[in-house]
Amino acid sequence: MSKKQIIPKKTPMPEQPPAERIKNYDEVPYGYTREQAMAEAKRCIECGRPLCVDGCPVNINIPAFLKLTAAGDFRGAINLVKETNALPAVSGRVCPQEEQCEAKCVLSKRYESVAIGRLERFVADWEASQGSPPLPDLPPPTGKKVAVVGSGPAGITVAADLVKMGHHVTIFEALHEPGGVLVYGIPEFRLPKAIVSREVEYVCRLGARLVKDFVVGAAETVDELLERYDAVFLGTGAGLPWFLNVAGENLNGVYSANEYLTRANLMKAYRFPEYDTPIVRGRRVATIGGGNVAMDSARTALRLGAEESIIVYRRSREEMPARKEEIHHAEQEGIRFELLTSPVAFHGDSNGWVKEIECIRNELGEPDASGRRRPVPIKDSNFRIPVDVVVLAIGQSPNPLIAKTTPDLKTGKDGVVIVDNETMKTSKKGVFAGGDVATGGATVILAMGQGKKAAKAIDEYLKTGQW
Amino acid sequence: MEPSKQERHSKDPVEPGPVTVLGREPLAPNMQLLTVQAPVVASKIQPGQFVIVRADEYGERVPLTIVDWDREKGAVSCVFMQVGTSTYKLGKLKAGDVLPTFVGPLGKPLELDRWGTVVVAGGCYGIGSIYPIARALKEKGNRVISLIEGRSKFLLYWLDRLEAVSDRVLVSTRDRSMGNSVDGPNAVKDLLASGERIDRVIAIGCTFMMYLMAEATRPFAVKTIVSLNPIMIDGTGMCGACRVSVAGETKFACVDGPDFDGHQVDWDLLLARRKAYLGPETDSGER
């Protein structure tokens, strides 16, 4: 048993006050200072069986990195983290730590867990503050070429690892900015874009080639890529937005979260008319859904000037899939939650603009396949919410463009590419996949974890030729 | 046997690189022809497909129809009408400028076959769009009637080019400065009423023109394909901005289209969705 003194609560992380931050797009938490980080890292009691490591999808050696941080050896700490996690500045901000490492922390049984996520963010930001990281020595080129399709978290991870193994890597990105969901989806106030470009730049400095504005499946098929590349990795994410299929869904003012966030983030509509892409700045905005994307959309609406931003979610707060911190931040910012509520129709004005959502109240029934209690509509409980913008954040699945143009690539439910979970091999020789395209929509850290596995298996395949 | 390493690497096709403007010229008032060096697009483009373009780093992603290409030289031409901020910026481009984004080919190629007599109708930017379609249909062995419309004679262009790939070219002008009918839909109605056999109509132009064309052919049950032009962002099926309702089903024009059966399109919805950003577009232009 450890003899360390227990400090029950996390060191608070300073952040922008809610009334101020809803008027800007700047990041909400400021991050720890050196002193705060060292104090927080010292809260680790160095328990005998550190389960936090098991809770981490990429098994970062958390106790060791905390110990180095506590001692002020931030260089040592970040190097250790980066052994298994290519994007710590990202995962420190967007990982659902409360369900992963921090949930397993022994302190969390009676007190607050060590703030592992905040410390991961701290050491990553510390490294960035020291200027460009030195490049590692690279092995001699193997002469093997790999095409990485998509520059999101999975693609960046695979590319970085393969380049470090001496392979030639080309990353193909369909959009005009690299980063995938980190750029088009997650807002600046939660993940500053400078962090994403720094990570992409690092991979390019390592020697990967980035080709933007290139749609694999349209400009070239996977089969055509295989004529020029020895292996292909598909990290194309889950870019196909879902709709509810209820009446009035195509009215003006009804957005998919993908469209709403892409306009705001990638196209920088929040800076319109400096940037040319417009976005409807609703006075009353309702976001349908209870995940991180819903929180991002509802909070973006506030920053675009909404007087009221409402989350409409079909189950109760308990079942909300969003990170706790996002729900907490959304509440602090004054977002109203209409829980146990489902839209049944959208009603418009005579010009085709949405003006009301017709909803029905639910009660919770038996658990469904996801293990969460199923929402059951209460008869005759219909009511209407006046709105001028609606954002649908009810989920997404992989974009079918590649699957449609690659006949021998096996896909499952909702177009998810079927892979071997250990090697990330698809049904097609030479083609690997990982991240949301293989999971249907999970977390950034899982995408990076799969990217790591894929890089290893691709290296093996390139060396042996064995499929 | 698998190709050797050497063979593989020598097979590198067109290298993606910066897209440079080769030239820009006015075709008619507010109507511009832009030609760029874009080898990737040029190597793959098929009639009916489009590209997405950004004029500068602040620009919107604008879908543009492709009107011609040269696969050997890697050149691609588009026609656009100057209507708002983004197309105004495109209208300022000059030879040597580099476009930050020129991505494609996007959308499905237009279905091409030997149907018999095909009317290809174009208005506005669509006069350019129908040129490669008429050419391809002619190559397939169809009898091609190209039909172009405009408010007045001075708004028309490419008659000579269309004549070279069509069996007949018909012109309609609202002010009757040229041709015998006031618009394309009326011209098609006249043809059909006169007993002319038409096996298919392909119409490209403003939404209202395509709507009228679909209504003109509906009583005669002549299959009418329209190339829809809703607002788009990514052009790869990611945002859903371009959703249209066809035969009661929601489709994404960017990946399921842009070509659809005009008799099955929900035109009211499309017309309403086209107008979604009229206010902001005006604000953006006035800055």
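Cut-offs and rules
- Residues numbered from 1 in each chain as written.
- Chains lettered and ligands numbered in written order.
- Predicted model: local features only at pLDDT ≥ 70, side-chain atom pairs only at ≥ 80, totals over all residues.
- Heavy atoms only, no water.
- Helix = DSSP H or I, 4+ residues; strand = E, 2+ residues; numbered from the N terminus.
- Buried < 20%, exposed > 50% of the residue type's maximum accessible area, 1.4 Å probe, protein only.
- Contact = heavy atoms within 4.5 Å.
- Areas by Shrake-Rupley, 256 points an atom, 1.4 Å probe, with all protein chains shown as cover.
- Lys, Arg positive; Asp, Glu negative; His and termini not counted.
- Charge placed at Lys NZ, Arg CZ, Asp CG, Glu CD.
- Buried area = accessible area lost by both parts, 1.4 Å probe.
- Salt bridge = Lys/Arg side-chain N within 4 Å of Asp/Glu carboxyl O.
- Polar contact = N/O pair within 3.5 Å; in protein donor to acceptor, adjacent residues only side chain to side chain.
- Nonpolar A, V, L, I, M, F, W, Y, C, P; charged D, E, K, R; others polar.
- Pairing = 2+ DSSP bridges.
- Right-handed = clockwise from strand over helix to strand, strands pointing away.
- pLDDT = per-residue confidence, 0-100.
- Axes fitted to C-alpha atoms, helices over the stretch in contact; angles between N-to-C directions.
- Parallel < 35°, antiparallel > 145°, perpendicular 65-115°, else oblique.
- Left-handed = near helix turned anticlockwise from the far one by under 90°.
- Phe/Tyr/Trp six-rings, centres within 6.5 Å; stacked < 30°, edge-to-face > 60°.
- Lys NZ or Arg CZ within 6 Å of the ring centre and 35° of its normal.

Draft legend 1. Inspection of the overall build of chain A at higher detail. A count of helical and extended segments in chain A gives 18 helices and 16 strands. With the C-alpha coordinates of chain A rotated into their principal frame, the extents come out at 65 × 60 × 50 Å. Of all 467 residues assigned to chain A, the portion counted as buried reaches 57%. Counting only contacts in chain A whose residues sit at least 6 apart along the sequence, the fraction spanning at least 24 positions is 70%. As displayed, chain A has an accessible area near 18600 Å², and 52% of this comes from carbon and sulfur atoms. Averaging the locations of the 60 positively and 59 negatively charged side chains of chain A gives two centres separated by 4 Å.

Draft legend 2. How the structure looks around the interface of chain B and chain A. Between chain B and chain A, the contact holds 49 residues from the first and 51 residues from the second. Of the roughly 4200 Å² buried at the junction of chain B and chain A (both faces included), carbon and sulfur atoms supply 53%. At the boundary of chain B with chain A, the tally comes to 2 salt bridges. Here lysine 44 of chain B and glutamate 224 of chain A are joined by a salt bridge, their closest N and O atoms 2.5 Å apart. Across the contact surface, chain B and chain A share 15 residue pairs in polar contact (both at pLDDT 80 or more). Where the side of chain B that touches chain A is concerned, the elements lending two or more residues are helix H1 (5-10), helix H2 (39-44), helix H3 (85-90), strand S7 (101-106), strand S14 (249-252), helix H8 (253-256), helix H9 (267-274) and helix H10 (278-286) of chain B. In the side of chain B that touches chain A, the residues fall into 21 nonpolar, 11 polar and 17 charged.

Draft legend 3. Highlighting the pattern of salt bridges. All told, the structure shown has 53 salt bridges over all chains when counted by the stated rule. A salt bridge links arginine 21 of chain A to glutamate 333 of chain A; the nearest nitrogen and oxygen atoms lie 2.5 Å apart. Here glutamate 333 of chain A lies in the loop between helix H15 (324-332) and strand S9 (336-338) and arginine 21 of chain A lies in helix H1 (residues 18-21), a separation of 312 residues in the sequence. Neither residue differs from the other here; arginine 21 of chain A and glutamate 333 of chain A are each classed as buried. The residue lysine 251 of chain B makes a salt bridge to glutamate 249 of chain B at a minimum N-O spacing of 3.6 Å. Look at lysine 251 of chain B and you get partly exposed, because its relative accessible area is 24%.

Draft legend 4. Local environment of the pairing of strand S2 (residues 168-172) of chain A. All names here are of chain A. Among the 5 residues in S2, 4 count as buried, and that is most of the element. As paired elements, strand S1 (residues 145-149) and S2 share 5 bridges and run parallel to each other. When the sheet's bridge partners are listed, valine 148 is paired in S2 with isoleucine 171. With helix H9 (residues 153-164) bridging S1 and the parallel S2, this β-α-β connection has right-handed handedness. Direction of pairing for S2 relative to strand S3 (residues 209-211): parallel, over a ladder of 3 bridges.

Draft legend 5. Structural view of the confidence of the model for chain B. All names here are of chain B. Confidence in the prediction for chain B averages 89 pLDDT; 92% of positions are at 70 or higher. Low pLDDT, under 50, characterises residues 1-12; the stretch is placed with 18 contacts to residues that sit more than four places away or in other chains. This prediction of the complex comes with two scores: 0.92 for pTM and 0.89 for ipTM.

Draft legend 6. Quick peek at the sheet that holds strand S8 (residues 117-123) of chain B. Residue and element names in this part refer to chain B. Ordered by their spatial adjacency, 6 strands build an open sheet running S10-S9-S8-S11-S12-S15, and the pairing between neighbours is mixed. Either end of the sheet is taken by a strand with one partner, and the two such strands are strand S10 (168-173) and strand S15 (259-261). Here the strands of the sheet are splayed against their neighbours by 20° on average, with no regard to which way each runs. Pairing geometry for S8 and strand S9 (residues 143-150), over 7 bridges, is parallel. Residue pairing across strands places glycine 122 opposite isoleucine 148, the latter belonging to S9. Along the sheet, helix H4 (residues 126-139) contacts S8, S9 and strand S11 (200-204); its crossing angle with S8, the most-contacted strand, is approximately 160°.

Draft legend 7. Up close: the packing of H9 of chain A against helix H11 (residues 193-206) of chain A. All names here are of chain A. Two elements in contact, H9 and H11, have axes separated by 9 Å at closest approach and are oriented at 25°. As judged from the angle between their axes, H9 and H11 are roughly parallel. Handedness of the crossing formed by H9 with H11: left-handed. Here H9 contributes Ile156, Ala159, Ala160, Val163 and Lys164 to the contact with H11, which in turn contributes Val200, Val203 and Leu206. Residue composition of the contact of H9 with H11, grouped by class: 7 nonpolar, no polar and 1 charged.

Draft legend 8. Quick look at the packing of aromatic side chains. Considering all chains together, one arrives at 16 aromatic pairs over all chains under this definition. On the basis of an interplanar angle of 80° and a centroid distance of 4.9 Å, the ring pair of phenylalanine 74 of chain A and phenylalanine 122 of chain A is categorised as edge-to-face. In this pair, phenylalanine 74 of chain A is assigned in helix H5 (residues 74-84) and phenylalanine 122 of chain A in helix H8 (residues 116-129), connecting sequence segments 48 residues apart. Grouping residues by exposure puts phenylalanine 74 of chain A and phenylalanine 122 of chain A together as buried. Seen from their ring centres, tyrosine 461 of chain A and tryptophan 467 of chain A are 5.2 Å apart, and the 80° between their planes marks the pair as edge-to-face. Overall, the relative accessible area of 36% leaves tryptophan 467 of chain A in the partly exposed class. In textbook terms, an aromatic cluster arises when at least three aromatic residues are bridged by ring pairs, as seen for Tyr25, Phe189 and Tyr270 of chain A. Above the ring of tryptophan 69 of chain B, the side-chain terminus of arginine 135 of chain B is found at 5.3 Å from the ring centroid. Positioned above the aromatic ring of tryptophan 158 of chain B is the side chain of arginine 161 of chain B, whose terminal nitrogen or guanidinium carbon lies 4.1 Å from the ring centre.

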